[in-house]
Amino acid sequence: LGTWKSEPGEVYKAVREAIKAGYTHIDCAWIYQNEDEIGKAFTDAFADGDIKREELFVTSKLWNSFHAPEDVEKAVKESLKALQLDYLDLYLIHWPIAHKPGVVQPKTAEDFATLEEYPIADTWKAMEALVEKGLVKHIGVSNFNVPKLKKLMGTANIVPEMNQVESHPLLAQNELVEFCTENGILYTAYSPLGSRDRQGRGDDEPDMFENEVIKTIADNHGVHPAQILIKWAEARGTAVIPKSVTPARIKQNLASAEIPLSGEELEKLNGLDKGYRFLDGKFWEREGGYYTAEKLWNE
C-alpha cells in the first residue's frame, strides 16, 4: 500500500483496512507528513491482533534535507518514533538530490546542496550504519538510474537492496529492471496508475484508464483498468505500491494479483512503453540551479 498523498484523517483508516484485507507491505516516507497517523494504525492493528509486527514490512525514506551523514540517524529515529516502531524493514534514500540541512521544500537554487558537498557515497555509509545498529533491516534507494546505481555500488559495502522508481506500461524502464535483476536489487514500481491525484497534474497528461489497449484487456477480464496496471507490474516480477484510501479499491487492488493475463496481453501492454514520466523531475529545477531533469534521469 502506498501512502503518498493520503490525507490526514484518511490514512489511518486506509492502513487499518489494508492490513485487514491482507496487505503486508506499507510504503511510507518522512516527507509525506503522515507517519504519525500510520504509526497509530500500526499500534492499533497489533493490539487488535490483525497482524504481528514480524508479519508487516514497513518502508520509509530519507528526505533530501537529511543527506549530511550526521543527520541520517536523526532522520530515521524521527520516522521510527512517528511510526511507533523499533525498526524499519526497509529504508531508502528518497532522491539522489540533497538540500541544505533544514530546508524541507527548496524555493531557490541556493536552498539545494550539491552532490559534491554531500556525496551519495557518504550518505550511504551512514545508511549502512543504521543496519549495524539494528534500526533498519534493509537499505535501498529511490529514483536512481543505472549510472547512479553503478557509481554507488562502486563504494558500497551493502549493495542497495531495493530501487523504487516510477513504473507503468508507459514507462517500463526495461534497462533498469534488467540491471536491478542482474545485480540482485529488488525493484518497486511507484505511481503504477499514473499519479492521478497529485498536485500540478497537467490537463494534457495521458490517462491510462482510458487507454484503449488497457481498457480492452480490463473489459476482457471484467475488471477495472487499474487492476490491469497493477497486475502488469506484478507479472514482470516487480513489487508495486498502489495508493488508495477507499476500502473497496484497496481490496480490488490486492485482488489484481489473481488476474490471469495471457502472454499476448502482456505483450500488448509491453508495447505501450514510450518513456513517459508523470513525475518528470522538472520540479527540482531552479534558475541557475545544480539539478536538472536531464541530470537526474540520464547522468
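Residues numbered from 1 in each chain as written. Predicted model: local features only at pLDDT ≥ 70, side-chain atom pairs only at ≥ 80, totals over all residues. Heavy atoms only, no water.

Caption draft 1: Highlighting the overall build of the chain. For the chain, the count of helices and strands is eleven helices and nine strands. For a compact globule of 299 residues, the expected C-alpha radius of gyration is about 19 Å, and the chain comes in at 19 Å, within 12% of that figure. Judged by the C-alpha coordinates and their principal axes, the chain covers about 55 × 45 × 35 Å. Each of the 299 residues in the chain was classed as buried or not, and the buried ones make up 51%. Considering only contacts in the chain between residues 6 or more positions apart, those separated by 24 or more positions represent 73%. Just so you have it, the chain exposes about 13600 Å², and 49% of that area is on carbon and sulfur atoms. Looking at the chain, you have 34 positive and 49 negative side-chain charges, and the mean spots of the two groups are 2 Å apart. (Helix = DSSP H or I, 4+ residues; strand = E, 2+ residues; numbered from the N terminus. Rg over C-alpha atoms; globule rule 2.2 N^0.38 Å. Buried < 20%, exposed > 50% of the residue type's maximum accessible area, 1.4 Å probe, protein only. Contact = heavy atoms within 4.5 Å. Areas by Shrake-Rupley, 256 points an atom, 1.4 Å probe, with all protein chains shown as cover. Lys, Arg positive; Asp, Glu negative; His and termini not counted. Charge placed at Lys NZ, Arg CZ, Asp CG, Glu CD.)

Caption draft 2: Representation of the sheet that holds strand β2 (residues 57-62) in the model. The strand order across the open sheet built from seven strands is β1-β2-β3-β6-β7-β8-β9, with neighbouring strands paired in parallel fashion. The open sheet is flanked by β1 (25-27) and β9 (239-240), the only strands paired with a single partner. (Pairing = 2+ DSSP bridges.)

Caption draft 3: Expanded view of the pairing of strand β6 (residues 136-142). The element β6 is extensively covered by neighbouring structure, given that five of its seven residues are classed as buried. The pairing of strand β3 (residues 88-93) with β6 spans five bridges and is classified as parallel. In the strand pairing of β6, Leu90 is matched with His138. Alignment of β6 against strand β7 (residues 162-166), held across two bridges, turns out to be parallel. Paired with Val141 across the bridge in β7 is Asn163. You can see the chain leave β6, run along helix α5 (residues 146-153) and come back into β7, and the turn it takes is right-handed. (Right-handed = clockwise from strand over helix to strand, strands pointing away.)

Caption draft 4: Layout of the packing of helix α8 (residues 225-235) against helix α10 (residues 263-270). Here α8 crosses α10 at 100 degrees, and the two axes come no closer than 11 Å. Overall, the two elements α8 and α10 adopt an arrangement that is roughly perpendicular. Here Ile228, Trp232 and Ala235 of α8 come into contact with α10, specifically with Leu266, Leu269 and Asn270. Taken together, the residues of the contact of α8 with α10 break down into five nonpolar, one polar and no charged. (Axes fitted to C-alpha atoms, helices over the stretch in contact; angles between N-to-C directions. Parallel < 35°, antiparallel > 145°, perpendicular 65-115°, else oblique. Nonpolar A, V, L, I, M, F, W, Y, C, P; charged D, E, K, R; others polar.)

Caption draft 5: Helix α7 (residues 212-221), seen in detail. Of all the positions in α7, only Ile214, Ile217 and Ala218 are classed as buried. On an axial view of α7, the arc spanned by its buried residues comes to 100 degrees, and they lie on one face. Turned more than 90 degrees away from the buried face of α7 sit Glu212, Asp219 and Asn220, all of them exposed. Of the surrounding secondary structure, the elements contacted by the buried residues of α7 are α8 and α10. Where α7 begins, the capping side chain belongs to Asn211, and its oxygen is found 3.0 Å from the backbone nitrogen of Val213. (Arc of directions from axis to C-beta. Polar contact = N/O pair within 3.5 Å; in protein donor to acceptor, adjacent residues only side chain to side chain.)

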